[in-house]
Amino acid sequence: MSTLAARARIARAPARAPRRARRAPARAMRARAALGESLSAHLASASARGDIDADLAIALNSVAIACKRVRALVARAPIAGNTGAAGGSNASGDEQKKLDVIANDVFVETLRACGRASVIVTEEEDTPIAVERASGYIVTFDPIDGSSNIDACVTTGSIFGVYAPGACEIKDTDSAEETLANCLTNSLQSGEALVAAGYCMYSSSCVFVLTTGDGVAQYDFDENVGEFVCSKERVTIPDGDKMQRIYSGNNGNVNLWAPELKDYVAHLQKGGSDGGKPWTYRYIGALIGDFHRTLLYGGIWLYPPDTSAPNGKARLLYEIAPISMIAEQAGGMSTRGPKANESVLDVVPKHIHEKSPMFVGSKSAVQDLQEFLKKY
Ligand code: MN
Ligand code: MN
């Protein structure tokens, strides 16, 4: 019998059928990185298998390269004289640090060079950036989150979102105004359009967290090989007995919050709904630092509106929506609204720097907040 015929026979043999049937979930599992696998190897193999779109893999690789570059810049900032203010402010009115401007250039140039992003939205630029390419992903980022921490060498990060390519095309024949209008239309998407989200945290370790809609994986930067290496294949926000009872948020603003949220904080300080020990308070003041701890330890992070910032201070497109996608992919919960029962991912921003409040963390902790607020 020829080899081909033998293969055909094996393929037709009834004994094979149950084994093929069992392969479907195994294949879905393979969309995730394996422990010890490098991010670049994982993206290449997931793309080769068709588990993620090849252009998305290239865009994500470029984001990772930008993060490696920014990591080196953050680490050397005091030596290189890159601490302190740059002398300007961004669209949200934040004072720009030197490293905000440098890291923004790194991200924009790296993404432009990869040729897979048609529109780039960044915290540091007033309008979206059109890249001369007919179609591609919309990539949003906060090049340095927590930049006020840089001078003190406290945790910072980069946050990114990759949104599905927009419906309208950017054509060579369009004027600058038409291109900008197209870019804006493409950019204003809800979190439901995210195909990938993640962040890189620059702290005692450099950590890259990524979801492409199939759970969340963590990669740690290995300086010896210059790669992000998978350290956690599937990150889930601890809940129940495994959850650490930690709440976070800017406690200095608690008197500017809605009275019921102030009551909620007092409730946690008295032991919360299960009447246990008082909840622990932790606050770094860098979105990524506080979220990463919440992702790994559990608990709740409160970013409500206050009387001075009626929509909070964090931006939807490149901070809140990507974090919400990661939280939900990690089995946690992310909500907003006066009763903490509105979806963050449903919100379609009206402008690219639109802000949103958020309550995020372990599912049971967010649900407990919702229950608490029902009384008001
Ligand atoms: Mn930020
Ligand atoms: Mn920033």
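The numbering scheme is per chain: residues are counted from 1 as the chain's sequence reads. Here every chain gets a letter starting at A, and every ligand a number starting at 1, in the order they are written. Under the rules for a predicted model, residues below a pLDDT of 70 receive no local features and side-chain atom pairs below 80 are neither given nor counted, while totals for whole chains, interfaces and linings still include all residues.

Turning our attention to helix H4 (residues 54–80). Each turn of an α-helix holds 3.6 residues, which means side chains three or four residues apart point in the same direction. Under the scheme used here, helices are H or I runs from DSSP no shorter than 4 residues and strands are E runs no shorter than 2 residues, and both carry numbers assigned from the N terminus. A helix's residues, less one, multiplied by 1.5 Å, set its expected span. With 27 residues, H4 extends 37 Å between its outermost C-alpha atoms, agreeing within 8% with the 39 Å of an ideal straight helix rising 1.5 Å per residue. Along H4, the sharpest kink reaches roughly 35 degrees, centred on Val-74 and followed within four residues by the proline Pro-78. In the segment just after H4, Gly-81 is the residue with positive phi, at about 75 degrees. Bend at a given residue is defined as the angle between two axes, one fitted to the seven residues that end at that position and one fitted to the seven that begin there.

In terms of burial, strand E7 (residues 194–202) is largely enclosed, as 9 of its 9 residues are buried. Here 8 bridges tie strand E6 (residues 156–163) to E7, and the two strands are oriented antiparallel to one another. Paired with Ser-158 across the two strands is Cys-200, which belongs to E7. Alignment of E7 against strand E8 (residues 206–211), held across 6 bridges, turns out to be antiparallel. By the bridge assignment, Gly-198 is partnered in E8 with Leu-210. Remark: C-beta atoms are placed from the backbone, and a residue is labelled buried if 20 or more other C-beta atoms sit within 10 Å of its own, exposed if 12 or fewer do, or partly exposed between those counts. Two strands pair under a simple rule: DSSP has to find at least two bridges between them.

Between its first and last C-alpha, helix H6 (residues 176–187) extends 16 Å over 12 residues, near the 16 Å set by a 1.5 Å rise per residue. Among the residues of H6, those classed as buried are Asn-182, Cys-183, Asn-186 and Ser-187. Along H6, the residues classed as buried sweep out an arc of 130 degrees about the axis, all on the same side. Summarising the geometry of H6, the exposed residues directed more than 90 degrees from the buried face are Glu-177 and Glu-178. Contacts here follow a simple rule: the backbone-placed C-beta atoms of the two residues must lie within 7 Å. Buried residues in H6 make contact with strand E3 (117–122), strand E4 (129–130) and strand E5 (137–145). Here the arc refers to the directions that run from the helix axis out to each C-beta atom.

Take the sheet that holds strand E15 (residues 342–343) next. The strand order E12-E11-E13-E16-E14-E15 describes an open sheet built from 6 strands, whose pairing is mixed. For this open sheet the edge positions go to strand E12 (280–281) and E15, each flanked by a neighbour on one side alone. Inspection of the sheet shows strand E13 (residues 300–303) paired to strand E16 (residues 358–361) by 4 bridges, in the antiparallel sense. Opposite Tyr-303, over in E16, you have Met-358 as the bridge partner.

Pairing in this open sheet of 8 strands is mixed, and the strands run E4-E3-E5-E6-E7-E8-E9-E10 from one edge to the other. Edge strands, defined here as strands with exactly one partner in the open sheet, are E4 and strand E10 (227–232). As defined by bridge partners, E8 adjoins strand E9 (residues 216–222) across 5 bridges and the pair is classed as antiparallel. Within the sheet, the bridge partner assigned to Phe-208 lies in E9 and is Tyr-219. Against the sheet, helix H5 (residues 98–114) touches E3, E4 and E5, its axis set at about 155 degrees to E5. Only C-alpha atoms enter the line fits that serve as axes; for helices the fit covers just the stretch in contact. Angles between N-to-C directions range over 0 to 180 degrees. Packing of helix H8 (residues 287–297) onto the sheet brings it into contact with E5, E6, E7 and E8, and relative to E7 it is tilted by some 105 degrees.

Attention now moves to the nonpolar core. Membership of the largest hydrophobic core comes to 100 residues, with the highest contact counts inside it found for Leu-56, Ala-59, Ala-117, Val-139, Phe-160, Val-162 and Phe-208. Looking at this core, the element that brings in the most residues is H4, giving 11 residues. Annotation comment: domain bounds sourced from an automatic or database domain assignment. The two domains that each donate at least three residues to this core are domain 1 (34–232) and domain 2 (240–374). Apart from the residues lying within four places of it in its own chain, the contact partners of Val-162 are Leu-56, Ala-59, Tyr-137, Val-139, Leu-194, Val-195 and Ala-196. Put simply, a nonpolar core is buried Ala, Val, Leu, Ile, Met, Phe, Trp, Tyr and Cys residues tied into one set by C-beta atoms within 7 Å.

The side chains of a regular strand alternate between the sheet's two faces. Most of E3 is tucked away: 6 of the 6 residues are buried. The pairing of E3 with E5 spans 5 bridges and is parallel. Bridging across to E5, Thr-122 finds its partner in Phe-141. Where E3 lies against E4, 2 bridges are found, and the strand directions are antiparallel. By the bridge assignment, Ile-120 is partnered in E4 with Ile-129. Linkage of E3 to E4, two consecutive antiparallel strands, is achieved through a turn of 6 residues.

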